[in-house]
Amino acid sequence: MSIVFEAKDIVKTYKNDELEVDVLKGINLNITKGDFVSIRGSSGVGKSTFLNILGALDKATSGTVKIDGVLLDNYYKNDSIHLYRREKIGFVFQSHYLMPDFTVLENVMMPLLILKENKKIAEEKAKEALKDVGLENRIAHFPSQISGGESQRAAAARAIVHTPPIILADEPTGNLDNKNSERFIEIFSKLQEQRNLTILVVTHDLNLADMANKKYKMDDGLLYDF
């Protein structure tokens, strides 16, 4: 299988006056197409920092990231990092970040419309994604009219609708109760299998982490097989 994501010697150091804190101390991780990778670890060990570096929401102090063989640094140098985020990454965060003034369908269509997809085709793809997460009866609802669990499933549909090379999920069940967490995990697993998604998730949820075919633990700025 081809390597989709390659992180090599990722270091992240935060500086505050004369104090330096090494959050990541040389992370190496290869993700191949179709992998479901989980990283668990206690709060503050750098899981979200690592995910944000891969998603170009933060920059590493040193080290390299490649996606589909292309250096992430090339996107920065070419001032096209916005294209990287739009085209290469699907994000699912702890908070769903649905836009309140748009319907569920319009929220899921948004990544495609940003990529200049034909509106009719974008609508068809968004409806298909929403059906995959069990929200085909909620397409005309606004975020305020659906539950927290449904909102997070809508966020998952939005993340996959443009078929990015990799989905990055940061504590996607963190704001959900047990019932909705179980429902989300069930659907997330189904999506991964049906669409052959490549997923990296950082989570405290052991049930979600255990779904992965590659499991890691982060501790003291380093990554270990779990």
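Going by the structure above, here's the rest.
A brief look at the structure comes next. (Residues numbered from 1 in each chain as written. Predicted model: local features only at pLDDT ≥ 70, side-chain atom pairs only at ≥ 80, totals over all residues. Heavy atoms only, no water.)

1. Let's talk about the pairing of strand β10 (residues 222-225)
The side chains of a regular strand alternate, first on one face of the sheet and then on the other.
Now for step 1: Pairing between strand β9 (residues 214-219) and β10: four bridges, direction antiparallel. For D219, the partnering residue across the bridge sits in β10 and is L222. (Pairing = 2+ DSSP bridges. Helix = DSSP H or I, 4+ residues; strand = E, 2+ residues; numbered from the N terminus.)

2. Notes on the packing of helix α6 (residues 148-160) against helix α7 (residues 178-195)
Now for step 1: It is at 10 Å that the axes of α6 and α7 come closest, and there the two elements cross at 20 degrees. The angle between α6 and α7 falls in the class roughly parallel. The handedness of the crossing between α6 and α7 comes out as right-handed. Where α6 approaches α7, its residues G149, Q152, R153, A156 and I160 are matched on the opposing element by N180, R183, F184, I187, L191 and R195. (Axes fitted to C-alpha atoms, helices over the stretch in contact; angles between N-to-C directions. Parallel < 35°, antiparallel > 145°, perpendicular 65-115°, else oblique. Left-handed = near helix turned anticlockwise from the far one by under 90°. Contact = heavy atoms within 4.5 Å.)

3. Side note on the sheet that holds β9
Now for step 1: Judged by pairing direction, the sheet is mixed, and its six strands sit side by side in the order β6-β7-β8-β3-β9-β10 without closing on themselves. Each having just a single partner strand, β6 (89-92) and β10 make up the two edges of the open sheet. Going from strand to strand, the sheet's axes swing by 20 degrees on average, the running direction of each strand aside.
Now for step 2: Against the sheet, helix α1 (residues 47-54) engages β3 (36-40), β6, β7 (166-170), β8 (199-202) and β9, with an angle of about 150 degrees to β7.
Now for step 3: Against the sheet, α6 contacts β6 and β7, and its axis sits at roughly 175 degrees relative to β6.

As far as function goes, none of this settles anything; it's purely spatial.
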